[in-house]
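Residue-level listing of the chains:
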Amino acid sequence: MSKPVVAIVGRPNVGKSTLFNALAGEKISIVKDTPGVTRDRIYADVTWLDKTFTMIDTGGIEPDSSDIILSQMREQAQIAIDTADVIIFITDVHQGLVDADAKVADMLRRSGKPVVLVVNKVDSVQKFMMDVYEFYNLGIGEPIPISAANRMGLGDMLDEVIKDFPEDADTEQDGDIPKIAIVGKPNVGKSSLVNKLLGEDRVIVSDIAGTTRDAVDTRVKWQGKDYIFIDTAGLRRKGKVKEEIERYSVIRTVTAVERADVVIVMIDASEGVTEQDAKIAGIAHERGKGVIIAVNKWDAIEKNDKTIYKHTNRIREVLAYMPYAELVFISAKTGLRISRMFETIDAVIENQTLRIQTGVLNEILSEAVAMQQPPSDKGKRLKIYYMTQVAVKPPTFVIFVNDKELMHFSYTRYLENKIRDAFGFAGTSLKFIVRERG
Ligand code: GDP
Ligand code: GDP
């Protein structure tokens, strides 16, 4: 089920990063072997009561002159309007209500998106409450006083935020139709692929009307089945600052990936796989989505009998953190192996939702343990009692052991390989949770 997206918008220095960090806390997942993606805190998962959402910080680098602040804020607000389910608009009680706030508030109001207005740095409610009322003038609802630095008022704020979540994202009428995000660097061929799908005889298209977020969704019928493609290609922005453009593309990728069941990471065969591809693929990996690497423009390169092999090796090397990813070599231009791509999409979705019975799983486990002893430390050996699958999308397993500290990363990897040998799970990551049995 895809998580709602909440975006934080506000002028520089009002406390966006402080709020972001206060909410994200230690929960920011750091996947050590995924390059690049998680180092800058652009997005994080937050759980409040029983709701989990993806939070994005739209604020980028500090503008160096005040006249570009407004244009940057408009840019931020637009990203939020395009991508978020709920927008937190944050202002600063010390600086008071300024003109730029009013302009951005107008823009947010016109978008029709739910906005939660927050006034930060209210470190003392008694002292500042009169000043907080001033923010009613923005015309976007009741201002909620918080102190991000002191973690005050955050509960009230989050109550408002989750109130505005869509009922249940998955009960929309298209809830059962597989959603496929196409991500990749500029010019790899993302829009060409979508256009090809639209142009094929066998494909029937209907544009999905609706919110801004759906505007880039394309519904495609392939051999009698429906698919929704989420295309990030048309979303390129002209920005002056490199960091801003990168931040924007990360946000777009994250929100597209978040809504998808399967992610197609597109790579340009004529260029080969690059570090930038690895970063983009890392987002899909980190979110536990099904992943297909589509090596596009296969028509454009010279080939012999070793070409596929060479490309495969190189991709496996650069994307070493996702050995499970499926690979297809396609041409968006000629349509080469597009049907293979659809077959792979179907297979990956099946794998993402595969459930293994506990009995069968534990047969594999005992065989694996018999073949390779679990690790030990200071004379104490790891005992694995049993294992059970607790979730799908991605398939998630809980392993019950005598002592969590003894479970070594490499042993988990070993068990993962055994499970994959037995059940496949191609195209999907697997998640393991180690628990001590009391
Ligand atoms: P951003 O530019 O919007 O991301 O703002 P920052 O999070 O970097 O915060 C800007 C400044 O405001 C920093 O010096 C923070 O310590 C300070 N600040 C943030 N939240 C609060 C708060 O709740 N109370 C006070 N007094 N200062 C805060
Ligand atoms: P996007 O930025 O990822 O959406 O990439 P585009 O779809 O705009 O494609 C960028 C360029 O690559 C265009 O000039 C396309 O014609 C070209 N292109 C896309 N797919 C293919 C392909 O399969 N083969 C060849 N030869 N060119 C392609």
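Residues numbered from 1 in each chain as written. Chains lettered and ligands numbered in written order. Predicted model: local features only at pLDDT ≥ 70, side-chain atom pairs only at ≥ 80, totals over all residues.

- Looking at an unreviewed UniProt entry, one finds the chain named GTPase Der, with Blautia wexlerae as its source organism.
- What the UniProt record of the chain gives under Sequence similarities (unreviewed entry) is the line "Belongs to the TRAFAC class TrmE-Era-EngA-EngB-Septin-like GTPase superfamily. EngA (Der) GTPase family."
- Check the Subunit (unreviewed entry) section of the UniProt entry for the chain; it says "Associates with the 50S ribosomal subunit." (UniProt positions renumbered as here; feature names shortened; annotations may be inferred.)

Description of the overall build of the chain
Piece 1. Scanning the chain from terminus to terminus reveals 12 helices and 18 strands.
Piece 2. When each of the 438 residues of the chain is scored for burial, the buried share is 39%.
Piece 3. For the chain, restricting intrachain contacts to residue pairs at least 6 apart in sequence, the fraction spanning at least 24 positions comes to 73%. (Helix = DSSP H or I, 4+ residues; strand = E, 2+ residues; numbered from the N terminus. Buried ≥ 20, exposed ≤ 12 C-beta atoms within 10 Å, placed from the backbone. Contact = placed C-beta atoms within 7 Å.)

Quick notes on the confidence of the model for the chain
Piece 1. Scored by pLDDT, the chain comes out at a mean of 85, with 85% of its residues at no less than 70.
Piece 2. Confidence over residues 27–39 falls short of pLDDT 50; this stretch has 27 contacts with residues more than four positions distant or in other chains.
Piece 3. Across residues 201–215, where pLDDT falls below 50, the model places 20 contacts with residues more than four positions away in sequence or in other chains.
Piece 4. Our summary of model confidence lists the complex with pTM equal to 0.72 and ipTM equal to 0.73. (pLDDT = per-residue confidence, 0-100.)

Some points on the nonpolar core
Piece 1. Core analysis: the largest hydrophobic core is formed by 97 residues, its most contacted members being Phe-89 and Val-265.
Piece 2. No other element matches strand S11 (residues 262–268), which puts 6 residues into this core.
Piece 3. Ignoring sequence-local partners within four residues, the contact set of Val-265 consists of Val-183, Gly-184, Asp-277, Ile-280, Ala-281, Ala-284, Val-291, Ile-293 and Ala-294.
Piece 4. Counting residues in hydrophobic clusters, the runner-up holds 11 residues, among them Leu-365, Ala-368, Leu-382 and Ile-399. (Core = buried A, V, L, I, M, F, W, Y, C linked by C-beta atoms within 7 Å.)

Some points on the pairing of strand S13 (residues 326–329)
Piece 1. Here strand S12 (residues 290–296) pairs with S13 via 4 bridges, running parallel. Within the sheet, the bridge partner assigned to Ala-294 lies in S13 and is Val-328.
Piece 2. The parallel pair S12 and S13, bridged by helix H9 (residues 307–318), forms a crossover whose chirality is right-handed. (Pairing = 2+ DSSP bridges. Right-handed = clockwise from strand over helix to strand, strands pointing away.)

Focus: the pairing of strand S2 (residues 43–48)
When a strand is regular, its side chains alternate between the sheet's two faces.
Piece 1. Judged from the 6 bridges that link them, S2 and strand S3 (residues 51–57) form a sheet pairing that is antiparallel. Looking at the pairing, Thr-47 lines up with Thr-52 of S3.
Piece 2. Where S2 folds back on S3, the antiparallel hairpin that results is connected by 2 residues, among which Leu-49 adopts a positive phi of roughly 55 degrees.

Regarding unusual backbone geometry
Piece 1. A cis amide bond links Lys-393 with the next residue in sequence, Pro-394, at an omega value of 0 degrees.
Piece 2. As for its position among the elements, Pro-394 is in the loop between strand S16 (384–391) and strand S17 (396–401).
Piece 3. With phi around 55 degrees, Leu-49 is a residue other than glycine that occupies positive phi space.
Piece 4. Looking at the secondary structure, you find Leu-49 in the loop between S2 and S3.
Piece 5. A tally of 9 C-beta atoms within 10 Å means that Leu-49 is categorised as exposed.

Points about helix H6 (residues 190–199)
Piece 1. Inspection of H6 places Lys-190, Leu-193, Val-194 and Leu-197 among the buried residues, and these make up the whole buried set. Along H6, the residues classed as buried sweep out an arc of 95 degrees about the axis, all on the same side.
Piece 2. Next to the buried residues of H6 lie strand S7 (179–183), strand S9 (217–222), strand S10 (225–231) and S11. (Arc of directions from axis to C-beta.)

A few points about the site of ligand 1
Piece 1. Taken together, 16 residues lie near ligand 1, and Gly-15, Lys-16, Ser-17, Thr-18 and Ala-149 sit nearest.
Piece 2. In terms of residue count, helix H1 (residues 16–24) provides more of the shell around ligand 1 than any other element does, 3 residues in total.
Piece 3. A class-by-class count of the residues in the shell around ligand 1 yields 4 nonpolar, 9 polar and 3 charged. (Near = placed C-beta within 6 Å. Nonpolar A, V, L, I, M, F, W, Y, C, P; charged D, E, K, R; others polar.)

What about the environment of Asn-417?
Piece 1. Position of Asn-417 among the secondary structure elements: in helix H12 (residues 409–423).
Piece 2. According to the C-beta neighbour criterion, Asn-417 is exposed, with 12 such atoms within 10 Å.
Piece 3. Along the chain, Asn-417 and Ala-368 lie 49 residues apart, while their C-alpha atoms are 9.7 Å from each other.

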